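What follows is the residue order along each chain.
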Amino acid sequence: IEHRIRTNFSLMCVYFFVIGQGGIFTYMACMMTTAVNFSPKVRGTVIGLVDSMYGGSAAIFSAIYGETYGKSDNTRQQNVAGFFYACCAITVAVNLFLFAALWWLPWAERVERQSKSQHGGV
């Protein structure tokens, strides 16, 4: 199957399209959850931090590739396919974990809950 993927340009386009859709879904889920769950006072700072983590993930994956898969100068000896499989597994695992931890609470409801808890449930 690896040979078929490398030689079929149309199939590669479909794979990268699917990968892009998954990436933008994760990005938008993080941004929208952050925008809703934080107060307007700190929302910009928190969204900036989340956005910088999203952008910095390429540096983390590049470091992983350089240290584990790309040690050889010969391009035929580098395990690019293994790196792509590892990226897929890591991305799916992180997304499933974070999806399970996702909590969407509108800001007005959150303020109401906090005020009730501060006043003893009244």
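Refer to the structure presented above.
Predicted model only: the values in this text are computed from it and were never measured. (Residues numbered from 1 in each chain as written. Predicted model: local features only at pLDDT ≥ 70, side-chain atom pairs only at ≥ 80, totals over all residues. Heavy atoms only, no water.)

**Student:** Sorry, what's going on with the overall build of the protein here?
**Tutor:** Scanning the protein from terminus to terminus reveals 5 helices and 0 strands. Counting over 122 residues, the protein shows a buried share of 12%. A sequence separation of at least 24 residues applies to 47% of the contacts in the protein between residues at least 6 apart. When the accessible surface of the protein is summed, it comes to about 9,500 Å², and 68% of that surface belongs to carbon and sulfur atoms. (Helix = DSSP H or I, 4+ residues; strand = E, 2+ residues; numbered from the N terminus. Buried < 20%, exposed > 50% of the residue type's maximum accessible area, 1.4 Å probe, protein only. Contact = heavy atoms within 4.5 Å. Areas by Shrake-Rupley, 256 points an atom, 1.4 Å probe, with all protein chains shown as cover.)

**Student:** Honestly, the packing of helix H2 (residues 9-37) against helix H3 (residues 43-69) in this entry has me stumped. Any pointers?
**Tutor:** Two quantities define a packed helix pair, namely the angle between the axes and the distance from one axis to the other. Two numbers describe how H2 lies on H3: the axes approach to 9 Å, and their chain directions differ by 160 degrees. In terms of orientation, H2 and H3 fall into the roughly antiparallel class. Here H2 runs over H3; the crossing is right-handed. Only Arg43, Val46, Ile47, Val50, Asp51 and Tyr54 of H3 make contact with H2, whose side of the interface consists of Gly23, Tyr27, Cys30, Met31, Thr34 and Ala35. Of the residues in the contact of H2 with H3, the class split is 8 nonpolar, 2 polar and 2 charged. (Axes fitted to C-alpha atoms, helices over the stretch in contact; angles between N-to-C directions. Parallel < 35°, antiparallel > 145°, perpendicular 65-115°, else oblique. Left-handed = near helix turned anticlockwise from the far one by under 90°. Nonpolar A, V, L, I, M, F, W, Y, C, P; charged D, E, K, R; others polar.)

**Student:** Before we go on, may I ask you to explain helix H4 (residues 80-101) in this structure?
**Tutor:** For an α-helix, the turn length of 3.6 residues means that residues three or four places apart are oriented alike. For H4, spanning 22 residues, the distance from its first C-alpha to its last is 31 Å, which sits close to the expected 32 Å at 1.5 Å a residue. The inward-facing, buried residues of H4 contact H3. (Expected span 1.5 Å × (residues − 1).)

**Student:** Whenever I open this one, the side chain of Thr33 confuses me. Can you help?
**Tutor:** Within the element layout of this structure, Thr33 appears in helix H2. Of the polar contacts made by the side chain of Thr33, one reaches the backbone oxygen of Ala29; its length is 2.7 Å. (Polar contact = N/O pair within 3.5 Å; in protein donor to acceptor, adjacent residues only side chain to side chain.)

**Student:** Before we go on, may I ask you to explain the packing of aromatic side chains in this structure?
**Tutor:** Centre distance and the angle of the planes are the two values used to describe a pair of aromatic rings. Under the defined criterion, the tally for this structure stands at 1 aromatic pair. On the numbers, 4.9 Å between centres and 65 degrees between planes, the contact of Tyr65 with Phe83 is edge-to-face. Residue Tyr65 is located in helix H3, and its partner Phe83 is located in helix H4; the two are separated by 18 residues in the primary sequence. Here Tyr65 and Phe83 have matching classes, each one buried. (Phe/Tyr/Trp six-rings, centres within 6.5 Å; stacked < 30°, edge-to-face > 60°.)

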